[in-house]
Amino acid sequence: VGLSGPYSEDMFKEIIRRYTVQEIAWDSDVYKQQKLSNDSSAKDMAKLVELFAKGEFISQQCSDEILDILHRQQYKQRIAGRLPRGTAVANKTGTLGTMFNAAGVVYLPDNLGQYVICVFLKGHALNYEGNEPIAQISKIAFDYFISKGE
């Protein structure tokens, strides 16, 4: 079976190789048995995104392919919502019930660098306001890092 889209066969082979040779951090929260499944924290997600950004998740190629997917995110109201138009952002959003999340890499202009941001919010499903608080937090972080680079 051939792979379509941005995924490479090499990426999947490397993931399978790591599982086969047990090159896995089994003590990671990802693999712990928990009462709740699909459980994570903003800190865990930020670390995962940081691995992509540094090219350290599985391999450089795998990290690059994941970032390529995240750059194509169509839902731009959260991390990129209040950033200057054209700011490059590679991100993933998530919404489940009253949880509103976003994690990603923001690329600063003028080669000032990049930073990882992750925001998990709990709100009220009938009064959805998840986009705006995340956009505001993201703008505060952006302004902070811009001021440090000047």
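A quick note: this is a predicted structure, and the numbers were derived from the prediction, not measured.

1. Concerning the pattern of salt bridges
Working definition: two side chains of opposite charge can pair if their charged atoms are close together. The tally for this structure, following the rule as stated, stands at five salt bridges. Taking the shortest distance from any N to any O, the salt bridge between Glu50 and Lys47 comes out at 3.9 Å. Of this pair, Glu50 and Lys47 both sit in helix 2 (residues 42-54), three residues apart, which is roughly one turn of that helix. For Glu50, a relative accessible area of 25% gives the class partly exposed. In this structure Lys47 comes out as partly exposed when scored by relative accessible area, which is 43%. Among the charged side chains, a network of salt bridges with common partners joins Lys47, Glu50 and Lys54.

2. Concerning the sheet that holds strand 2 (residues 99-107)
The strand order across the open sheet formed by three strands is 1-2-3, and the pairing between neighbours is antiparallel. The open sheet has two edge strands with one neighbour each: strand 1 (88-96) and strand 3 (114-122). Each strand axis lies, on average, 10 degrees off the axis of its neighbour in the sheet, ignoring direction. Bridge count between strand 1 and strand 2: nine bridges; the pairing is antiparallel. Across the sheet, residue Leu96 finds its bridge partner in strand 2, namely Met99. Lying over the sheet, helix 2 contacts strand 2 and strand 3, oriented at roughly 155 degrees with respect to strand 3. Across the face of the sheet, helix 4 (residues 131-149) comes into contact with strand 2 and strand 3 while running at roughly 155 degrees to strand 3.

3. A look at the environment of Gly86
With respect to the helices and strands, the residue Gly86 is situated in the loop between helix 3 (60-71) and strand 1. Looking at Gly86, the relative accessible area reads 76%, which means it is exposed. Linking Gly86 and Pro109, residues 23 residues apart in sequence, is a C-alpha distance of 9.3 Å.

Rules used in this analysis
As a convention, each chain's residues are numbered from 1 in the sequence order in which they are written. Only residues with pLDDT of 70 or above have their local features reported here, since the model is predicted, and side-chain atom pairs are shown and tallied only from 80 upward, although totals for entire chains, interfaces and linings are computed over all residues. Hydrogens and water molecules were not included; the side-chain quantities draw on all heavy atoms of the structure. We define a salt bridge as a side-chain nitrogen of Lys or Arg found within 4 Å of a carboxyl oxygen belonging to Asp or Glu. Helical segments are the DSSP runs of H or I of at least four residues, strand segments are the runs of E of at least two, and each set is numbered from the N terminus. A simple rule labels every residue: compare its accessible area, found with a 1.4 Å probe on the protein chains alone, to the largest value its type can have, and call it buried under 20%, exposed over 50%, or partly exposed in between. Two strands are counted as paired when DSSP detects at least two bridges linking them. Interaxial angles span 0 to 180 degrees and are taken between N-to-C directions of axes, which are lines fitted to C-alpha atoms, for helices over the stretch in contact. Between two residues, a contact is recorded if the distance between any of their heavy atoms is within 4.5 Å.

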